[in-house]
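Structure assessment
Chain by chain, the residues run as shown.
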Amino acid sequence: MSTLAPQVDSLFYFIYYVSLISFVLIVGTMVFYVIKYRRRPGVKAQPSGHNNVLEVAWTVAPVFLLVYLFHAGWQGYVFGAVAPSNSLEIHVTGKQWTWDFTHMPSGAQESNALTVPVHQPVRLTMSSADVLHSFFVPAFRVKRDVVPGMFTTLWFEATHTTAEDEPLTVFCAEYCGSPHGRDAAGNPVVTAESSVAPNGNHSSMLATLRVTTREAYDRHVAQLDGPPAECEGNADPMACWGELLSQEMGCMGCHNTTGAAGGIAPTWRGLWGSSRAFTDGSTRDADENYIIQSVMEPQSQIVQGFGNANMPVYNPTENRKLALVAFIRSLATEGQ
């Protein structure tokens, strides 16, 4: 159901049939000669001799097969690794035991249910809020680890729409948590201290994936939660929302967006994509990971010249983190 699936399937079945034919030929030949040259009374075994042509042939022939397999595999890897420039962008956050999806640039969010348009490349930028997860859609032949503290990506283009009552399933292919709070029969155990039913476990981390027409997708996203009404009509609603959030959170009390140096904290103007030098001597480029880490763990990496800044810890929702990133990215200077 995706543009990648035919390449994956054709290479899989090629390897499968080559392995099957090789097995039959090798085992069949072995059995034939075992029977033909079996031990017989009065017959003495003779040396088999040496055939250079035959030995060179069966040594070289597999090389051509391996070169073809590497070439086909590399083509499929590159095709699956590089998303087309016109891809629709969706951010994915995995956490025990939920998938959160944020549609860009609107910032509309949904959980455990993803809707995408047909015949449209979709690029997923993924991260984890807790432990290692793995985003897996068997029908699309795509799977990628979702790692805490960093972003990973994958893309796909659906070739068919799904029936309304038969969505695809998104699995977590990583063992991301053992069951707890359940008895031997798998029933939730509610204690006197907590009347809230406990979470499920790794096997319950599923999401539905629906493929619709582009018009239906646009209607669906418009109905989801996202940036406030003040950002409607803005060219970048997420950046607009991020600017409002930066004011609500008091970020501008220490930072600024003018590019002025010498403040309490680094300016956000030109921050995106710049190289940051820290008090411990290390350096790092200012990307999504850096900005989010700076919001959630501000003391983990202190920029040189700002050792006296004492920024408080913030823990906004995933949607709001992305809005802040979008706002800072919108302040990038020319060439960044």
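Residues numbered from 1 in each chain as written. Predicted model: local features only at pLDDT ≥ 70, side-chain atom pairs only at ≥ 80, totals over all residues. Heavy atoms only, no water.

Another point: the overall build of the protein chain. A count of helices and strands for the protein chain gives six helices and 12 strands. Taking 336 residues into account, the globule formula puts the C-alpha radius of gyration at 20 Å, and the protein chain, at 28 Å, lies well above it. Here the C-alpha coordinates of the protein chain stretch approximately 100 × 50 × 45 Å along the principal axes. Sequence-distant contacts in the protein chain: of pairs separated by 6 or more residues, those separated by 24 or more amount to 65%. For the protein chain, the exposed surface amounts to about 19,900 Å²; the carbon and sulfur share of it is 58%. (Helix = DSSP H or I, 4+ residues; strand = E, 2+ residues; numbered from the N terminus. Rg over C-alpha atoms; globule rule 2.2 N^0.38 Å. Contact = heavy atoms within 4.5 Å. Areas by Shrake-Rupley, 256 points an atom, 1.4 Å probe, with all protein chains shown as cover.)

Between helix 5 (residues 288-296) and helix 6 (residues 318-330), the shortest axis-to-axis distance is 10 Å and the interhelical angle comes to 120°. In this view, helix 5 runs oblique relative to helix 6, as classed from their interaxial angle. When you trace helix 5 past helix 6, the crossing you get is right-handed. Along the contact surface, helix 5 presents E288, I291, I292 and M296, while helix 6 presents K321, V325, I328 and R329. Residues of the contact of helix 5 with helix 6, tallied by class, amount to five nonpolar, no polar and three charged. (Axes fitted to C-alpha atoms, helices over the stretch in contact; angles between N-to-C directions. Parallel < 35°, antiparallel > 145°, perpendicular 65-115°, else oblique. Left-handed = near helix turned anticlockwise from the far one by under 90°. Nonpolar A, V, L, I, M, F, W, Y, C, P; charged D, E, K, R; others polar.)

The next thing to look at is empty space enclosed by the protein. The tally for this structure, following the rule as stated, stands at one cavity of 30 Å³ or more. Of the volumes computed, that of the largest cavity is approximately 40 Å³. Looking at the lining of the largest cavity element by element, the count peaks at four residues for helix 6. Residues of the lining of the largest cavity, tallied by class, amount to four nonpolar, one polar and two charged. (1 Å grid on protein atoms, 1.4 Å probe; cavity = no way out; pocket = protein on both sides within 12 Å on 5 of 7 lines; lining within 4 Å. Points joined across faces, edges and corners; volume = space filled by probe spheres on them.)

Given 3.6 residues per turn, any residue in an α-helix points the same way as the ones three and four places further on. Along helix 5, the residues that are buried comprise E288, N289, Y290, I291, I292 and V295. Its buried side turned inward, helix 5 meets strand 11 (275-277), strand 12 (283-285) and helix 6. The distance from a side-chain oxygen at the start of helix 5 to the backbone nitrogen of N289 is 3.3 Å, and the residue carrying that oxygen is D287. (Buried < 20%, exposed > 50% of the residue type's maximum accessible area, 1.4 Å probe, protein only. Polar contact = N/O pair within 3.5 Å; in protein donor to acceptor, adjacent residues only side chain to side chain.)

Time to look at the side chain of H91. Within the element layout of this structure, H91 appears in strand 1 (residues 88-95). Of note is the side chain of H91, whose polar atom sits 3.2 Å from the side chain of E89. Here H91 is in contact with D100, F101, T102, M104, T125, F151 and L322, once residues within four sequence places are set aside.

In space, the five strands of this open sheet follow the order 4-10-9-6-7, with mixed pairing throughout. Strand pairing shows two members of the sheet lacking a second neighbour, strand 4 (113-117) and strand 7 (142-146), which therefore form its edges. Averaged over all pairs of adjacent strands, the angle between strand axes in this sheet comes to 25°, irrespective of strand direction. Here strand 6 (residues 133-137) pairs with strand 9 (residues 168-172) via two bridges, running antiparallel. Paired with F136 across the strands is F171, a residue of strand 9. Along the sheet, helix 3 (residues 214-222) makes contact with strand 4 and strand 10 (207-212), crossing strand 4 at roughly 140°. (Pairing = 2+ DSSP bridges.)

Turning our attention to the pattern of salt bridges. Under the definition given, this model contains five salt bridges. Between R214 and D218 there is a salt bridge, and its shortest N-O distance comes to 3.1 Å. Here R214 pairs with D218, and both are found in helix 3, just four residues apart, close to one helical turn. (Salt bridge = Lys/Arg side-chain N within 4 Å of Asp/Glu carboxyl O.)

Now for the confidence of the model for the protein chain. Per-residue confidence for the protein chain averages 86 on the pLDDT scale, and 91% of its residues sit at or above 70. Within the model, pLDDT remains below 50 along residues 192-199, and this stretch shows nine contacts once partners closer than five positions in the same chain are excluded. (pLDDT = per-residue confidence, 0-100.)

Here we come to a nonpolar patch on the surface. Residues F12, Y13, Y16, Y17, L20, I21, F23, V24, L25 and I26 make up a contiguous nonpolar surface patch of about 1,100 Å² in total accessible area. Along the chain, the position of Y16 falls in helix 1 (residues 5-36). Here Y16 falls in the partly exposed class, since its relative accessible area comes to 42%. (Patch = residues over 30% accessible without salt bridge, like charges linked within 9 Å, V, L, I, M, F, W, Y side chains within 5 Å.)

The next subject is the pairing of strand 4. The element strand 4 is largely enclosed, with a buried count of four among its five residues. As judged from the five bridges shared by strand 4 and strand 10, these two strands associate in the parallel manner. Its bridge partner being in strand 10, V116 is matched across the sheet by V211.

Here we take up unusual backbone geometry. The residue after M104, namely P105, is reached through a cis peptide bond having omega 5°. Looking at the element boundaries, P105 is found in the loop between strand 2 (98-103) and strand 3 (108-111). The backbone of H119 shows a phi angle near 55°, a positive value even though the residue is not glycine. With respect to the helices and strands, H119 occurs in the loop between strand 4 and strand 5 (122-128).

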